[in-house]
Amino acid sequence: MFDSQRRWLTARLKRSRQPHPLVSSSADLRLVQHVRGNLAHRFPQLRRMGKILSPKERLLVRVSVVVALVSCVWLAAILANRHRVIVPAVGGRYVEGMVGVPELVNPIFS
């Protein structure tokens, strides 16, 4: 009789060690979809972020935003310079000249 009780207790403990979800996975999925779809409430929260953060954190956020903006402008300038093509202007006139006195006029001797 002791052996059967031990087996029953061992089986009961093995079953109780398995994790049980507190809510179903469909509830988790609905919650994630609800949070992902609603972007309108996030912008007012960003305005209140300064009241929540400590002064060091506010400074870190400001420096990070400035660094991100400067790097975006820098990247845009690099890309613009790399892909820029010099094109002559429309109109105008072409003038060809020579500097100094010609020594040899015949091209065979020059």
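Rules behind the numbers
- Residues numbered from 1 in each chain as written.
- Predicted model: local features only at pLDDT ≥ 70, side-chain atom pairs only at ≥ 80, totals over all residues.
- Heavy atoms only, no water.
- Helix = DSSP H or I, 4+ residues; strand = E, 2+ residues; numbered from the N terminus.
- Buried < 20%, exposed > 50% of the residue type's maximum accessible area, 1.4 Å probe, protein only.
- Areas by Shrake-Rupley, 256 points an atom, 1.4 Å probe, with all protein chains shown as cover.
- pLDDT = per-residue confidence, 0-100.
- Patch = residues over 30% accessible without salt bridge, like charges linked within 9 Å, V, L, I, M, F, W, Y side chains within 5 Å.
- Salt bridge = Lys/Arg side-chain N within 4 Å of Asp/Glu carboxyl O.
- Contact = heavy atoms within 4.5 Å.

Asks: I'd like to hear about the overall build of the protein, residue by residue, with values.
Replies: Looking only at helices and strands, the protein features 5 helices and 0 strands. Along the chain direction, N to C, the helices and strands of the protein fall in the order α-α-α-α-α. Classification of the 110 residues of the protein by burial places 1% in the buried group. A total of about 11,600 Å² of accessible surface is found on the protein, and carbon and sulfur atoms cover 65% of it.

Asks: Mind laying out the confidence of the model for the protein, listing which residues take part and the relevant values?
Replies: Summing up the model confidence of the protein, the mean pLDDT is 78 and the portion of residues at 70 or higher is 75%. Helix α2 (residues 25-37) is the least confidently modelled element of the protein, averaging 68 in pLDDT, while helix α5 (residues 55-82) averages 94, the highest of any element.

Asks: Tell me about a nonpolar patch on the surface, and name the residues and values.
Replies: On the surface, Leu 59, Val 63 and Val 67 cluster together into a nonpolar patch covering about 280 Å² of accessible area. Residue position: Val 67 is located in helix α5. Taking the relative accessible area as the measure of exposure, Val 67 reaches 53% and is therefore exposed.

Asks: How would you explain the environment of Val 61 if you had to name every residue and give the values?
Replies: Assignment of secondary structure puts Val 61 in helix α5. Overall, the relative accessible area of 32% leaves Val 61 in the partly exposed class. Those residues in contact with Val 61 that sit more than four places away from it in its chain are Met 49 and Leu 53.

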